[in-house]
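In case you want the letters, here they are:
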Amino acid sequence: MTNDELVLQINQAVADGRKTLDLSGKGLKRLPPDIVNLTLQESLTLGKVETWQWVDTHRDPVVIGNELQTLPDELFQLTQLKTLNLSGNPLGELPAGLSRMPQLTELIAVDIQLTEIPEFIGQSSYLRRLDLSNNKIRTIPTILGQLGKLTELALSNNKLKKIPEFIGQLVELIKLELSNNQLRKLPQTIAQLINLKELTLSNNQFKEIPAVLAQLCNLSNLYLSSNRIAAIPPAIGALLNLTELALSNNHIECIPQELGRLSKLETLYLYNNKIRAIPAQIGQLTQLTKLTLSNNQIDIIPEEIQHLRQLNILALANNRITKIPEALGKLDNLDVLY
C-alpha cells in the first residue's frame, strides 16, 4: 500500500467515524502523521497473529504484520484507544509513547524482536491483556508486578529461565502463557493467583509437575506437554475444576489413582510417554470426551473404561495392547484410533 492509499484509507475511516481499523499485512514501512486524525476508540491493528500453537505441542505462530521499524509520535495522541496490536513489525522495542495512552487495556506485540520489557510499561495501569509472545525476552522486570488489573499475560516463545516471585501480585490473572521458554521451576507465590483458570507451561524444562500447582483450585486448563516430567503426583487430584490436562511428550510411567478425582475433566492428553498401565479409576472421569494414549507401553485397557459414556476419541496407537476390551463396544459414539 502506498502512502497516498494509506492516507485515503485513514481519511475514509475518519469520515465513517469508525472505532476500529485493521492495517495488518499492507507492507507498510511508515505511518503518516495523518494517523492523528483517527477517532478510534476501540482498536488499531498494525499486525496480528493468524494462527498460534496447538494446545499440547509447540508450533510457531503465523504473524501478519508490516515493515514498521518506528512509529510516529502522532500515534500516541490516540488517547481513547483501548486495543493496540503491533505484532509482526521489526520495532525492536516498545515505544515510550505507549505510556501516554491512558485508556489502553490490551497491548499485543507478538514477534516484534523485543529483547526486554521497558520500565514504563508499569505506568499502563489499565492494562488487562499483555501479549509479548515470540520475542527474545530473558527477564521479567519488577515493574510488571504493578499491573494489578492484568487478566491475561502471554510470554510464550521467549528466553525466560525464571519466573520472579512478584508474579503473585497479579491476583486478577485468569490466563498465563509461558510455553516454549527455559523454565525449570515456579515460585511459590504463584499460589496467590487464585483466579487463574488457564496455565500454559508446555515446551519448557520441568522434570516434575510443580507441587504449588495443587493450590490453584480454580484451574480449568493446564498444559505441561513436552517437558521432562517423569511422574504425575497424587496431588494432581486436588485440581477438581480441571477440564483439560495436557501431559503428552514427557517421560511419565504411571497414572496415579488420584487422577480419577478429576470428575470435570473433558480432555486428557497422555500420548508419547512411557505409561504401562491405566488404573481402574479412569472410569470415574465420566465427562471425558477425548483421551489420547498413543505411543506408550500399555498392555491392557481396564473394563472400567465402559463408564466413559461421553468419550468420542480414544487414541491407542503404538502400544502393546493385544486385545481391545469388549466394553468399548458399549460406547456408541466412540472413535478408537489404533
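Because the structure is predicted, anything quoted here is derived from the model rather than measured.

A. Examining the overall build of the chain more closely. If you tally the helices and strands in the chain, you get one helix and 16 strands. The buried share among the 338 residues of the chain stands at 52%. Sequence-distant contacts, at least 24 apart, represent 33% of the contacts inside the chain between residues at least 6 apart. Surface exposure of the chain reaches about 15,300 Å², of which carbon and sulfur atoms provide 45%. Of note, the chain has its 32 positive side-chain charges centred 5 Å away from the centre of its 34 negative side-chain charges.

B. Just the pattern of salt bridges, in detail. Taken as a whole, this structure holds seven salt bridges when the rule is applied. A salt bridge links Glu-152 to Arg-129; its shortest N-O distance comes to 3.8 Å. Remark: Arg-129 occurs in strand 7 (residues 129-131) and Glu-152 occurs in strand 8 (residues 152-154); sequence separation between them is 23 residues. On the accessibility criterion, Glu-152 (31% relative accessible area) is partly exposed. Glu-177 is the partner of Lys-175 in a salt bridge, and the nearest nitrogen-oxygen pair spans 3.2 Å. Take Glu-177: its relative accessible area is 13%, and that puts it in the buried class. Ionic contacts of the salt-bridge type, sharing partners, join the residues Glu-106, Arg-129, Asp-131 and Glu-152 into one network.

C. Layout of the environment of Asn-272. Among the secondary structure elements, Asn-272 is positioned in the loop between strand 13 (267-269) and strand 14 (290-292). Here the alpha-carbon distance between Asn-272 and Arg-228, two residues 44 residues apart in the chain, equals 12 Å. Contact partners of Asn-272, with chain neighbours within four places excluded, come to Ser-248, Asn-249, Asn-250, Ser-294, Asn-295 and Asn-296. Within the structure, Asn-272 has its side chain in polar contact with the side chain of Asn-249 (distance 2.6 Å).

D. Just the side chain of Asn-273, in detail. For Asn-273, the position within the fold is in the loop between strand 13 and strand 14. One polar contact links the side chain of Asn-273 to the main-chain amide nitrogen of His-251, over a distance of 3.3 Å.

E. Spatial organisation of helix 1 (residues 3-16). Across its 14 residues, helix 1 extends 20 Å between first and last C-alpha, which sits within 8% of the 20 Å expected from 1.5 Å per residue. Every buried residue of helix 1 is listed here: Leu-6, Val-7, Ile-10 and Ala-13. For helix 1, the angular spread of buried residues about the axis comes to 120 degrees, placing them on one side. In helix 1, the exposed positions angled more than 90 degrees off the buried face are occupied by Asp-4, Leu-8 and Ala-15.

Conventions and cut-offs
- Residues numbered from 1 in each chain as written.
- Predicted model: local features only at pLDDT ≥ 70, side-chain atom pairs only at ≥ 80, totals over all residues.
- Heavy atoms only, no water.
- Helix = DSSP H or I, 4+ residues; strand = E, 2+ residues; numbered from the N terminus.
- Buried < 20%, exposed > 50% of the residue type's maximum accessible area, 1.4 Å probe, protein only.
- Contact = heavy atoms within 4.5 Å.
- Areas by Shrake-Rupley, 256 points an atom, 1.4 Å probe, with all protein chains shown as cover.
- Lys, Arg positive; Asp, Glu negative; His and termini not counted.
- Charge placed at Lys NZ, Arg CZ, Asp CG, Glu CD.
- Salt bridge = Lys/Arg side-chain N within 4 Å of Asp/Glu carboxyl O.
- Polar contact = N/O pair within 3.5 Å; in protein donor to acceptor, adjacent residues only side chain to side chain.
- Expected span 1.5 Å × (residues − 1).
- Arc of directions from axis to C-beta.

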